[in-house]
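The primary structure of each chain is shown beneath.
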Amino acid sequence: MLTKRIIPCLDIKNGRTVKGVNFVDLRDAGDPVELAKLYSEAGADELVFLDISATEERRKTLADLVLRVAEHVNIPFTVGGGISSITDVDILLKNGADKVSINSSAVKNPDLINELAGKFGSQCITVAIDAKQINGEWIVHLVGGKVPTTLNLFDWAKEVEQRGAGEILFTSMDNDGTKDGFANEALAKLSESLNIPIIASGGAGCIQDFTDTFKIGKSDAALAASVFHFKQIDIQELKSALDAEDIPVRI
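Residues numbered from 1 in each chain as written. Predicted model: local features only at pLDDT ≥ 70, side-chain atom pairs only at ≥ 80, totals over all residues. Heavy atoms only, no water.

Trainee: Honestly, the overall build of the chain in this entry has me stumped. Any pointers?
Mentor: Broken down by element type, the chain carries ten helices and twelve strands. In terms of overall dimensions, the chain has a C-alpha envelope of 45 × 40 × 35 Å along the principal axes. Here the chain holds 251 residues, and the buried ones make up 55% of them. If you sum the accessible surface of the chain, you get close to 11,100 Å²; carbon and sulfur atoms cover 48% of it. Between the averaged position of the 26 positive side-chain charges in the chain and that of its 37 negative side-chain charges there is a distance of 3 Å. (Helix = DSSP H or I, 4+ residues; strand = E, 2+ residues; numbered from the N terminus. Buried < 20%, exposed > 50% of the residue type's maximum accessible area, 1.4 Å probe, protein only. Areas by Shrake-Rupley, 256 points an atom, 1.4 Å probe, with all protein chains shown as cover. Lys, Arg positive; Asp, Glu negative; His and termini not counted. Charge placed at Lys NZ, Arg CZ, Asp CG, Glu CD.)

Here it is as structure tokens:
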């Protein structure tokens, strides 16, 4: 059985790590390279960096950050934010990223998924999907959750898989930053209908939330930010607790 992955997420704005609630009210959470090094040493399985600042210098800034992170960590890491071309991905992978995450650009140009998977391999391509419930239906949102689309979460996830994505990072906007647990019902539905790994994101508040998303949500990995950044959950303690629940993890 494949081990379940624990993934700290670092949202980057103007070169700093930030964290908010429901995608707003951001506060500083530290230097991303220092945090990355700490998480690597603490036993995290992977890292995700999402550049949420819309600066014209984004590509250069992100490429420099990737280079610095690669020098300090020895675990795989994914980079996302403003990636919309083969050139963008080529630069980030050459600078040391293991995977890239695309979101809005995939919705606006679905063929991009096929192009990137064909060029770099599905294992390098993560498609992030931000969604929230509107009138009982999970609707995909863009631009950091600000712009609703007409896409249904489950239909879009299936298309993403068919186009060659290697995994899906699903963030429930309803749960994000609330610390009330992951959207396990939606996660289980995604897991049952797809054959690629699903990363749960949005809602981690305690160790039990991770247990639940692996057992109830059938998630392959769990991503969290503030509970790690602000030292509310220790990664080794988390993994020990999961192991005690017979959830396979890398200790």
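Trainee: Can you walk me through helix α7 (residues 184–193) in this structure?
Mentor: The α-helix advances 3.6 residues per turn, and as a result positions three or four apart in sequence lie on the same side. Of all the positions in α7, only N184, A186, L187, A188 and L190 are classed as buried. Turning to α7, the residues buried within the fold contact β8 (137–142), α6 (153–162), β10 (167–172), β11 (198–201) and α8 (207–215). (Contact = heavy atoms within 4.5 Å.)

Trainee: Please explain unusual backbone geometry as it appears in this structure.
Mentor: Apart from glycine, the bulk of residues carry a negative phi angle, and the bulk of peptide bonds sit in the trans form. A positive phi is found at N135, a non-glycine position, where the angle reads about 55°. The residue N135 is located in the loop between β7 (125–134) and β8 in this model. Of note, D246 is a non-glycine position whose phi angle comes to about 60°, a positive value. Tracing the backbone shows D246 in the segment after α10 (235–244).

Trainee: I'm lost on the pattern of salt bridges in this one. Help?
Mentor: Two side chains that carry opposite charge are able to pair once their charged atoms sit near each other. All told, the structure shown has twelve salt bridges when counted by the stated rule. A salt bridge links E161 to K158, with the shortest nitrogen-to-oxygen separation between them at 3.4 Å. Of this pair, E161 and K158 both sit in helix α6, three residues apart, which is roughly one turn of that helix. In this structure, E159 engages R163 in a salt bridge whose closest nitrogen and oxygen atoms are separated by 2.8 Å. The partly exposed category is assigned to E159, whose relative accessible area is 26%. The exposure class of R163 is partly exposed, given its relative accessible area of 21%. Each member of the salt-bridge network shares a partner with another, and the members are R5, E46, K99 and E167. (Salt bridge = Lys/Arg side-chain N within 4 Å of Asp/Glu carboxyl O.)

Trainee: Before we go on, may I ask you to explain the layout of surface pockets in this structure?
Mentor: In this model, the second largest pocket occupies a volume close to 190 Å³. As for the second largest pocket, its lining consists of L35, L38, Y39, A42, F228, H229, K231, I233, D234 and I235. With four residues, the single largest contributor to the lining of the second largest pocket is helix α1 (residues 32–42). Taken together, the residues of the lining of the second largest pocket sort by class into seven nonpolar, one polar and two charged. (1 Å grid on protein atoms, 1.4 Å probe; cavity = no way out; pocket = protein on both sides within 12 Å on 5 of 7 lines; lining within 4 Å. Points joined across faces, edges and corners; volume = space filled by probe spheres on them. Nonpolar A, V, L, I, M, F, W, Y, C, P; charged D, E, K, R; others polar.)

Trainee: Please clarify how the packing of α6 against α7 should be interpreted in this entry.
Mentor: Two packed helices can be described by the angle between their axes and the distance between those axes. Look at α6 against α7: their axes get within 11 Å of each other, and the N-to-C directions meet at 35°. Seen from above, α6 lies across α7 with right-handed handedness. Residues L153, F154, A157, K158 and E161 of α6 form the contact with α7, whose participating residues are A186, K189, L190 and S193. Of the residues in the contact of α6 with α7, the class split is five nonpolar, one polar and three charged. (Axes fitted to C-alpha atoms, helices over the stretch in contact; angles between N-to-C directions. Left-handed = near helix turned anticlockwise from the far one by under 90°.)

Trainee: What exactly am I supposed to notice about the pairing of strand β9 (residues 147–152) here?
Mentor: Taken residue by residue, a regular strand's side chains alternate between the two faces of the sheet. Relative to β9, β8 runs antiparallel, the two being bridged by three bridges. Paired with I139 across the two strands is N152, which belongs to β9. Between β8 and the antiparallel strand that follows it, β9, lie four residues; V143 among them carries a positive phi value of about 55°. (Pairing = 2+ DSSP bridges.)

Trainee: I'm lost on α10 in this one. Help?
Mentor: Taken together, the buried positions of α10 are I235, L238, K239 and L242. Angular distribution of buried residues about the axis of α10 spans 95°; they occupy a single face of the element. Exposed side chains of α10 directed beyond 90 degrees from the buried face belong to E237 and A244. Considering only its buried residues, α10 is in contact with β1 (5–13), α1, α8 and α9 (226–229). Looking at where α10 begins, the residue whose side-chain oxygen comes 3.1 Å from the main-chain nitrogen of Q236 is D234. Phi turns positive, to about 60°, at D246, one or two residues after α10. (Arc of directions from axis to C-beta. Polar contact = N/O pair within 3.5 Å; in protein donor to acceptor, adjacent residues only side chain to side chain.)

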